[in-house]
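What follows is each chain in one-letter form.
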Amino acid sequence: MNAQAGSKQPPSKNAERGLRSRILIIDAAAELIREKGVQATSISDITKLSGASAGSIYHHFASKEAIVVEVTHQVIRYPLGALAAYRDSETWRQALLDY
């Protein structure tokens, strides 16, 4: 049976599991990078902390550098999202100063 155009189907259990795995990998990498730095963080370290296999890591990311890029995006995304909430506010400048 085909899904109708525009209808959204819930993600499959495999997709959900894959997303959880990806998040665990990113979180583990972020923690290790904060603690040890990029150069001292290895894929082996990330596998140990995240509980993901090396195969799973390479399924989600082409390289350690790709993981570092994603961690950086995640780190930047949060403050930019917070700033966007104030962007349309008339008091955004004062809110930033008060922060």
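None of these values were measured; they are calculated from a predicted model.

Undergrad: I'd like a description of the overall build of the protein chain, backed by residues and values.
TA: When its secondary structure is counted, the protein chain shows five helices and zero strands. Scanning the protein chain from its N terminus toward the C terminus, one meets helices and strands in the order α-α-α-α-α. For the protein chain, buried positions account for 25% of its 99 residues. For the protein chain, restricting intrachain contacts to residue pairs at least 6 apart in sequence, the fraction spanning at least 24 positions comes to 48%. Looking at the protein chain as shown, the accessible area adds up to about 7700 Å², and 57% of this sits on carbon and sulfur atoms.

Undergrad: Could you give me a rundown of a nonpolar patch on the surface, with the residues and numbers involved?
TA: Together, Val75, Ile76, Leu80 and Leu83 make up an exposed nonpolar region whose accessible area comes to about 360 Å². Looking at where Leu80 falls in the secondary structure, it is placed in helix H4 (residues 64-87). Classification of Leu80 as exposed rests on a relative accessible area of 52%.

Undergrad: Explain the environment of Lys36 to me, and be specific about the residues and the numbers.
TA: Inspection of the secondary structure assignment puts Lys36 in helix H1 (residues 13-36). Excluding its chain neighbours within four sequence positions, the residues that come into contact with Lys36 are Thr41 and Asp45. For Lys36, the side chain forms a polar contact with the side chain of Asp45, separated by 2.6 Å.

Undergrad: Quick rundown of the side chain of Ser50? Include the residues and the values.
TA: For Ser50, the location among the structural elements is in helix H2 (residues 43-50). Looking at Ser50, its side chain comes within polar contact range of the main-chain oxygen of Ile46, at 2.7 Å. A polar contact is formed between the side chain of Ser50 and the backbone nitrogen of Ala52, at a distance of 3.1 Å. Those residues within four positions of Ser50 in sequence are excluded, and the remaining contacts are Leu24, Ile25 and Ala28.

Undergrad: Account for the nonpolar core, with residues named and values stated.
TA: One finds Ile25, Ile46, Ile57, Ile67 and Val71 to be the most contacted residues of the largest nonpolar core, which totals 14 residues. Of all the secondary structure elements, the ones that give two or more residues to this core are H1, H2 and H4. Among the elements that take part in this core, H1 stands out by supplying six residues, more than any other.

Undergrad: How would you sum up the pattern of salt bridges? Please name residues and give values.
TA: Counted according to the given criterion, the structure contains two salt bridges. For Arg22, the salt bridge identified is with Glu70, shortest N-O distance 3.7 Å. One end of the pair, Arg22, is in helix H1; the other, Glu70, is in helix H4, and 48 residues separate them in sequence. According to the relative accessible area criterion, Arg22 is partly exposed, its value standing at 26%. Across the pair Asp45 and Lys36 runs a salt bridge, and its minimum N-O distance is 2.6 Å.

The rules we used
- Residues numbered from 1 in each chain as written.
- Predicted model: local features only at pLDDT ≥ 70, side-chain atom pairs only at ≥ 80, totals over all residues.
- Heavy atoms only, no water.
- Helix = DSSP H or I, 4+ residues; strand = E, 2+ residues; numbered from the N terminus.
- Buried < 20%, exposed > 50% of the residue type's maximum accessible area, 1.4 Å probe, protein only.
- Contact = heavy atoms within 4.5 Å.
- Areas by Shrake-Rupley, 256 points an atom, 1.4 Å probe, with all protein chains shown as cover.
- Patch = residues over 30% accessible without salt bridge, like charges linked within 9 Å, V, L, I, M, F, W, Y side chains within 5 Å.
- Salt bridge = Lys/Arg side-chain N within 4 Å of Asp/Glu carboxyl O.
- Polar contact = N/O pair within 3.5 Å; in protein donor to acceptor, adjacent residues only side chain to side chain.
- Core = buried A, V, L, I, M, F, W, Y, C linked by side-chain atoms within 4.5 Å.

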